[in-house]
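Working through the structure, step by step
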Amino acid sequence: MGAPTTPATTGTPARPAPGVPPADRALTRPRQRLLAAAAALVALAAVGAGSLLDLRTPAPKPADAPAGEFSASRAYEDVQVIAARTHVAGSPANDQVRAHLEQQLRGLGLETEVQDTVAPEAGQLSGAAGGATVARVRNVVARLPGTDSTGRVFLAAHYDSVQTGPGGNDDAAGTSAILEVARALTTGPRPRNDIVFVLTDAEEACLCGAAAFATSHPLAADGGVVLNLEARGSTGPVIMFETSRNNAKLVDIFGRAAPHPVGTSFAVEIYRALPNDTDFTAFLDQKFIGLNSAYIDGGAIYHTPLDTPEAMDRGSLQQHGDNALGLAREFGRTDLTELRSGHDATYFPVPGGLVRYPGTLTLPLALLAVAAVAALGWLTRRQGRASIGRLAAGFGLALVPIVVAPVAAQLLWLAITTIRPGYAELLDPYRPIWYRLAVVALAAAILFAWYALTRRRIGPAALAVGGLAWLALLGVLLAVAVPGGAYLTTVPALAGALGGLVALRTRQTGPWPVVAVTAAAAVGVVILLPTVVLLFPALGMGMGGVAALVAVLLGLTALPVVDLLHPQAGGQRGLLALRARRLGVLPAAATAVAAVVLAGVGLGVDRFDADHPAPTHLMYAMDAGTGQARWLSHESDPQSWTDGYVDGTADVGDDFPGLGDGELRAGPAQPANLPAPKLDVVADATAGGERTLRLRLTPQRAARLATLHVDTSTATVLRAEVAGRPVPVEPREGKWGFGLVFHAPPTEGIEVTLTVRPIAGQVALRAMDASDGLDALPGFRARPPAVGVVGSHSSEMLAVARTYPI
Ligand SMILES: [Zn+2]
């Protein structure tokens, strides 16, 4: 207000005097430099701590919690029953789990039934290496009828486990959470919409249970909203990591109705890039919409014998249940006909809630960030804080830490796995925290070292603008390629540019420039710090470089604050200037030492022992025709125990087409007294050059799966039916050009009808079945305590095959 005054007293800063060295031409130049640095760092640390505290799981509620609430303690009682032992689809243990689920749901007064059918797998999955895949499934389905239903809400989880472990988390967590949600819902007033509880079978084998429900159950005929509950580890926050397309309204309800909404539109993009699938895929293949949630930390136990009820973090179970119950109630009262929207939302967690905005804003915001950074560059130059040349150099040099930090993180992990090769078979180490911190420290060391080296020549302002320019440009790139992830760099770049502009327009020696750049860096912390923390379990240490990249981007948003750690050079001569320069190296040196120490602590703490065994892959395959047996391993460089079984390599595609193709480690084994599956010809008719074979494939032992393959040099398969259902006839590579995989085969066998055009006199068919557990095999030596089982679908498998010329 009032008459114009000179620039020095208005807040508009003067350009730095000509003699000021480049290193002091920063966006801020507080008088009390150390005080400003300390205040800014404390503020950022507080914001970071707030963001991370927000990711903590809630305390598990006790068994006497009010009836309308979700109690992890109550749900855990079901976890203990469900995951008492391994209960793979088709096993007697699986029957017992199903009986328990039925009893619990009926006990709540819900209409409950078992959908017992034969179903193909969902979509085209990677598990189909052996050929067209089918399973006998038994889904437990219960319905809570709505008072005035506008559609159906489905709560889904799979109750089967893998063959290698009891599935204490995967997916006893989801199954037991649904039982407890069902109980809580039946205590209150009836919801407006139908709520259907779908506990699926054979998820681990082929998603066949969910596919059977979604494609053929009467309750699924009109689609609806699916909330799928999963676990891929033992702990950590429950992340809503996958949605149906055009998710804006679903995400809005998630943000409002889930008590602990952790989810980001970036996770959706990452998940689409990973070779994973859950039951949710089977629902999305049909006309369902919905949300998919899981906790994913503690991935070392995933699909292994260590995935027991005791391994479960009940805080994660509480969060699963709290969110599922809140969402079931909200979707239970929402008009479900109005949930489809025309676009995807961008969303991410912040302390206290979930930020969301329409995906249509993604590109405009990205372009706005570019414009804001350009404006900052222009003002920086106009105020004499950086020349065009220095701005260009700052931009070019900012790419150095962006590239070097991820590469260094990958090299660090390479070094660690060279010292401890057993990590190669783990999704994540048992105690990954030290390694994660080492990666963050390494990224910080690289950023600090780069800054100390470039700051004097290029100047802080040019480097700050250069770093923000990369974030802004990445934002545009992401907005085009992976829109859900664009906020990660767009929003911090926009905040950084605005903070910088405010800093340059206020009096340099006052507190406001520091406040402005600190506030901007805080935006970067809120968005990027949880991303770093969640990326580690999502991708595992093997892809720690991605987290390192995000950590460096976070550092680039905070460069004006980092600059405060560097003493000013101006006015100092001789020894003082030298000391100032040396002090500038301190942050880099400290974080580099921290990275080495943390990695060393990790190696010292996370050793393999009986409770944390080094997992290994071993299976056994026998040809019942020739009596030849082999040990096989998927590992390329097996540990010494496994090495005692597999001394060479073999291509098993010709002998065991049911195991898929490819070179495996192999070694001779003693033949076991195990029968091959029987293949009986029920009918055989030839007409018009086509031969139709009705066959019955009957395992002669308790088999988890059975396969049947046709040598397509003896006949061309025209059509195939399994249990009366047509299956696609898709050519396979190699000798056995047609194949079928049947999971959970019934004891009375599987009826297969093949229509072929004969080439040779007889059709050569290869039948195989597989059970699990190597302990009883001749020549098997029990694992030493520190040797474990890899969580894979063929670990511990015992396959027997035989060729039948017909
Ligand atoms: Zn699983």
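Let me sum up the structure you'll find in this document. These numbers come from a predicted model, not from an experiment.

Attention now goes to the overall build of the protein. Regarding its fold elements, the protein presents 21 helices and 24 strands. In summary, the protein has a C-alpha radius of gyration of 31 Å against a globular reference of 28 Å for 806 residues, a match within 12%. Principal-axis analysis of the C-alpha atoms places the extent of the protein at approximately 105 × 65 × 55 Å. Looking at the protein residue by residue over its 806 residues, the buried ones come to 59%. Contacts in the protein between residues far apart in sequence, at least 24 positions, make up 81% of those at least 6 positions apart.

Moving on, we come to empty space enclosed by the protein. To locate leftover empty space, one rolls a probe as large as a water molecule over the atoms. Within the structure shown, the criterion is met by 5 cavities of 30 Å³ or more. Computed from the structure, the largest cavity encloses a volume of approximately 60 Å³. Considering the residues around the largest cavity, the lining is formed by Leu227, Leu229, Val238, Leu291, Ser293, His320, Asn323, Ala324 and Leu327. For the lining of the largest cavity, the elements supplying multiple residues, two or more each, are β5 (224-231), β7 (288-297) and α11 (314-333). With 4 residues, α11 is the single largest residue contributor to the lining of the largest cavity. Of the residues that constitute the lining of the largest cavity, the class distribution is 6 nonpolar, 3 polar and no charged. Considering the residues around the second largest cavity, the lining is formed by Ala26, Leu27, Thr28, Tyr451, Pro460, Ala461, Ala464, Leu559, Pro560 and Asp563. Of all the elements in the fold, those that place two or more residues in the lining of the second largest cavity are α15 (460-481) and α19 (559-564). Counted by class, the lining of the second largest cavity contains 8 nonpolar, 1 polar and 1 charged residues.

Enumeration according to the criterion identifies 19 aromatic pairs in this entry. When the ring of Trp631 is compared with that of Tyr645, the centres are 4.7 Å apart and the planes differ by 65 degrees; the resulting orientation is edge-to-face. Separated by 14 residues along the polypeptide, Trp631 in strand β12 (residues 629-633) and Tyr645 in the loop between α21 (640-643) and β13 (648-651) bring together distant segments of the chain. For Trp631, a relative accessible area of 3% puts it in the buried group.

Attention now goes to the packing of helix α3 (residues 72-82) against helix α5 (residues 172-187). Across the interface, α3 lies against α5 with an axial gap of 8 Å and an inter-helix angle of 135 degrees. With respect to their mutual orientation, α3 and α5 come out oblique. Handedness of the crossing formed by α3 with α5: right-handed. On α5, the residues that touch Arg74, Ala75, Asp78, Val79 and Ile82 of α3 are Ala172, Thr175, Ser176, Leu179, Glu180 and Arg183.

Here the focus is the pattern of salt bridges. A full pass over the atoms with the stated rule returns 30 salt bridges. For Asp684, the salt bridge goes to Arg691, with nearest N and O atoms at 2.7 Å. Judged by relative accessible area, which is 41%, Asp684 ranks as partly exposed. Look at Arg691 and you get buried, because its relative accessible area is 10%. The shortest N-O distance in the salt bridge between Arg701 and Asp769 comes to 3.0 Å. With Arg701 in the loop between β16 (690-698) and β17 (705-710) and Asp769 in strand β22 (residues 764-772), this pair connects stretches of sequence that are 68 residues apart. By relative accessible area, which is 17% here, Arg701 ends up buried. With relative accessibility at 0%, the residue Asp769 sits in the buried group.

Core analysis: the largest hydrophobic core is formed by 101 residues, its most contacted members being Trp450, Leu556 and Leu559. Grouped together as the second largest cluster of nonpolar side chains are 59 residues, Val153, Val225, Val251 and Leu291 included.

For the zinc ion, every protein donor is listed as Asp170 (OD), Glu204 (OE), Glu204 (OE) and His303 (NE2), and the spread of their distances is 1.9 to 2.7 Å. Coordination at the zinc ion is irregular, judged from the 4 donor atoms that bind it and the angles of 53 to 146 degrees they form at the metal. The sequence pattern describing where the donors of the zinc ion fall on their chain is D-x33-E-x98-H. Of this pair, Glu204 sits in helix α6 (residues 203-206) while His303 sits in the loop between β7 and α11, and the two are 99 residues apart along the sequence. His303 carries the same exposure label as Glu204, and that label is buried.

Our focus in this paragraph is the environment of Leu494. Among the secondary structure elements, Leu494 is positioned in helix α16 (residues 487-505). If sequence neighbours within four positions are ignored, Leu494 has contacts with Leu365, Leu368, Ala369 and Ala372.

Let us look at the pairing of strand β3 (residues 152-158). Taking burial as the measure, the 7 residues of β3 include 7 buried ones, the bulk of the element. Burial along β3 is two-sided: the residues Arg152, Phe154, Ala156 and His158 and Val153, Leu155 and Ala157 are all buried. Pairing analysis gives 7 bridges linking β3 to strand β4 (residues 194-200), with the strands arranged parallel. Among the inter-strand pairings, Ala157 is bridged to a residue of β4, identified as Leu199. For the crossover from β3 across α5 to β4, the handedness is right-handed. Pairing of β3 with β5 involves 4 bridges; the strand directions are parallel. Note on β5: the bridge partner recorded for Leu155 is Leu227.

About the criteria used
Residues numbered from 1 in each chain as written. Predicted model: local features only at pLDDT ≥ 70, side-chain atom pairs only at ≥ 80, totals over all residues. Heavy atoms only, no water. Helix = DSSP H or I, 4+ residues; strand = E, 2+ residues; numbered from the N terminus. Rg over C-alpha atoms; globule rule 2.2 N^0.38 Å. Buried < 20%, exposed > 50% of the residue type's maximum accessible area, 1.4 Å probe, protein only. Contact = heavy atoms within 4.5 Å. 1 Å grid on protein atoms, 1.4 Å probe; cavity = no way out; pocket = protein on both sides within 12 Å on 5 of 7 lines; lining within 4 Å. Points joined across faces, edges and corners; volume = space filled by probe spheres on them. Nonpolar A, V, L, I, M, F, W, Y, C, P; charged D, E, K, R; others polar. Phe/Tyr/Trp six-rings, centres within 6.5 Å; stacked < 30°, edge-to-face > 60°. Axes fitted to C-alpha atoms, helices over the stretch in contact; angles between N-to-C directions. Parallel < 35°, antiparallel > 145°, perpendicular 65-115°, else oblique. Left-handed = near helix turned anticlockwise from the far one by under 90°. Salt bridge = Lys/Arg side-chain N within 4 Å of Asp/Glu carboxyl O. Core = buried A, V, L, I, M, F, W, Y, C linked by side-chain atoms within 4.5 Å. Donors = N, O, S within 2.8 Å, 3.2 Å for Na, K, Ca; no water. Tetrahedral: all angles 85-135°; square planar, octahedral: opposite > 155°, others 65-115°. Pairing = 2+ DSSP bridges. Right-handed = clockwise from strand over helix to strand, strands pointing away.

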